[in-house]
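Remarks on the overall topology
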Amino acid sequence: MTTAAPRAHRFDVTRVRSDFPILRTQVHGHPLVYLDNGATSQKPRVVVDAVANFELQENASVHRGVHTLSQRATTAFEAVRALLGSFLNASDPSEIVITAGTTAGLNFIAQSYGRSMLRQGDEILLTEMEHHSNIVPWQQVTQAAGARIRVIPVTDEGELDLAAAATLITPRTRIVAVAHVSNVLGTVNPVRHLADLAHANGAVLVVDGAQAVAHLPVDVGQLDCDFYVASAHKMYGPTGVGFVYGRLALLNAMPPWQGGGGMIQSVTFEGTSFAAVPTRFEAGTPPIAQAIGLAAATRYLQALDQAGLAAHEADLLSYATSELAALPGVRLIGVAAAKVSLLSFTLDGIHPHDVGTLLDLHGVAVRAGHHCAQPLMRRFGIPGTVRASFGMYNTRDEVDRLVEGLAEASKVFGG
Amino acid sequence: MTDASELYQSIILDHNRSPRNYRPMAEANRQAEGYNPLCGDQLKIWLRLDGDRIADASFQGSGCAISKASASLMTTVVKGKTCHQVARMFDSFQRMVTGQGGPVDDLPAKLAVFAGVREFPMRVKCASLPWHALKAALESQGENRISTDTGV
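Cut-offs used in this document
Residues numbered from 1 in each chain as written. Chains lettered and ligands numbered in written order. Predicted model: local features only at pLDDT ≥ 70, side-chain atom pairs only at ≥ 80, totals over all residues. Helix = DSSP H or I, 4+ residues; strand = E, 2+ residues; numbered from the N terminus. Rg over C-alpha atoms; globule rule 2.2 N^0.38 Å. Buried ≥ 20, exposed ≤ 12 C-beta atoms within 10 Å, placed from the backbone. Contact = placed C-beta atoms within 7 Å. Pairing = 2+ DSSP bridges. Axes fitted to C-alpha atoms, helices over the stretch in contact; angles between N-to-C directions. Nonpolar A, V, L, I, M, F, W, Y, C, P; charged D, E, K, R; others polar.

**A few points about the overall build of chain A**
Tallying secondary structure elements over chain A gives 14 helices and 17 strands in all. For 415 residues, the compact-globule estimate of 2.2 N^0.38 gives 22 Å, and chain A sits close to it at 22 Å. Principal-axis analysis of the C-alpha atoms gives chain A an extent of 75 × 55 × 35 Å. The buried share of chain A, taken over its 415 residues, is 52%. Intrachain contacts of chain A at a sequence separation of at least 6 include 71% that bridge at least 24 residues.

**Side note on the sheet that holds strand 17 (residues 385-389) of chain A**
Residues and elements named next belong to chain A. Taken together, 4 strands build an open sheet; the order of strands is 13-14-17-16 and the sheet is antiparallel. Strand pairing shows two members of the sheet lacking a second neighbour, strand 13 (330-333) and strand 16 (367-369), which therefore form its edges. Taking the axes of each pair of neighbouring strands and ignoring which way they run, one obtains an average angle of 30° across the sheet. Taken together, the 4 bridges between strand 13 and strand 14 (residues 342-347) define a ladder with antiparallel strand orientation.

**What about the interface of chain B and chain A?**
Counting from both sides, the interface comprises 14 residues of chain B and, opposite them, 14 residues of chain A. In terms of residue class, the side of chain B that touches chain A is built from 9 nonpolar, 4 polar and 1 charged.

**Describing the sheet that holds strand 7 (residues 173-179) of chain A**
All names here are of chain A. On the basis of which strands lie adjacent, the open sheet formed by 7 strands has the order 4-10-9-8-7-5-6 and mixed pairing. Edge strands, defined here as strands with exactly one partner in the open sheet, are strand 4 (96-99) and strand 6 (148-152). Between one strand axis and the next, the sheet turns by 20° as a mean value, whatever way the strands run. In this structure, strand 5 (residues 123-127) lies alongside strand 7, joined through 3 bridges in parallel fashion. Pairing of Leu125 across the sheet is with Val176, part of strand 7.

**Thoughts on the pairing of strand 5 of chain A**
Residue and element names in this part refer to chain A. Here strand 5 lies mainly inside the structure; 5 of its 5 residues are buried. Alternating positions in strand 5 separate into two faces, Glu123, Leu125 and Thr127 on one and Ile124 and Leu126 on the other, with burial throughout. The pairing of strand 5 with strand 6 spans 5 bridges and is classified as parallel. The residue of strand 6 that forms the bridge with Ile124 is Ile149.

Below you can see the structure in the form of structure tokens.
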């Protein structure tokens, strides 16, 4: 296995950039400035190499074969589970379910935990800043059960209204589902506080960690959440794989979600007995090579100087915030006190999609639109935003390129 | 290297800033809504048909400069045209913005400003959304709603 950068090496963005070959790409004659990390982050060579090495040298299915390669693949796959368990500070590797990604993970929790325990009159509490992935699966199960969804509002600054949250969480609340970090606002939500509120009312807390895992240390013990869900591809790993942390006592009581091979103990035409947790929730051949890549990405993240990485991203956020705030016509959407390195904004008189196209012509890749958070767009009364979401490899120079591109966009539309 | 001015020609910027026929129409006898779920662009088209001829056309909606200018210019060129003429314009416009080739001689000259859209595949639907809504309005009785995800 290829090893990541040695530990205790001070965070060095130049060194990090050299690990990501795609950053040398040219777009429309300009060096790529990749600021769409909230959609998907780029992958360091060690991740791509880990996937390729597995596919080329070690490929076999897991949990099935008695042959050597299958046993090796099974060992490697279970090692991914153990690594993720320690990465999240879970108390047992069995608390980690390998999924196809955050969306699949949230659907799993909704369909397994939600569907089996929701009753008429129960409530699920979401927030106004949720991604559609943390809204739609809950709608599907509440409608079936006769339960209903309530919503914690968002303040003008882009923070959760915690006073409202305290009154919205009641003994009728069964599930509170919240983003750890908003994909639009960058807000870091007070997960532990919400966990305490939920638990005091007998509810569980589901955390959508898709936007958090690349930026924050996640300790499910400290957060005291019941479920934590994320994707590999937003934390410098491959697409098509993700994970769910679930409290073991909850997982053990949950019915299977999808049926198929791998999740059974024995099958007859009269009935089936199911495998133990967590394989009970992993029907079918899992994304094995991708999981190997996820492990490489996790090790890559773990090997970095954490304090240095956090300081680098905090510097990018503060620099970009002050540079953009100084541009005429820019309105920042989301100015919470606790944020990851992500900026959403609108530019007066120019639709976000036009801004996105004009920035692309300068080689600057951003996301423009509603970001799969239409209720939040309605909350702020806008059709969409431009979102610059930073990763570990971005630099102040790249913020300058963004600002130049925006000034140019204003010039094109102002003429 | 592609230049911004190939896409954002001055006529497009002008129609984006000051869209023509940007109003609801009480006396309309055809209307349709167009919606692009990918980007959230939406617009409503009103038509007053006098026999087979478009006597008046108007629109309102929210969207990017490309979709707004396309809707605005479209309302100016279809007024006074027959349904058959507009159907031919629709086909020509599609051929032009998708870059698939073929004759575009049915198209009024000023719509050529959208030829640059073909270099931006992600933006083709922005330009064509108003035309699809127009087509839906003509082919329907009364109200209609189309989406770029269902056949556009």
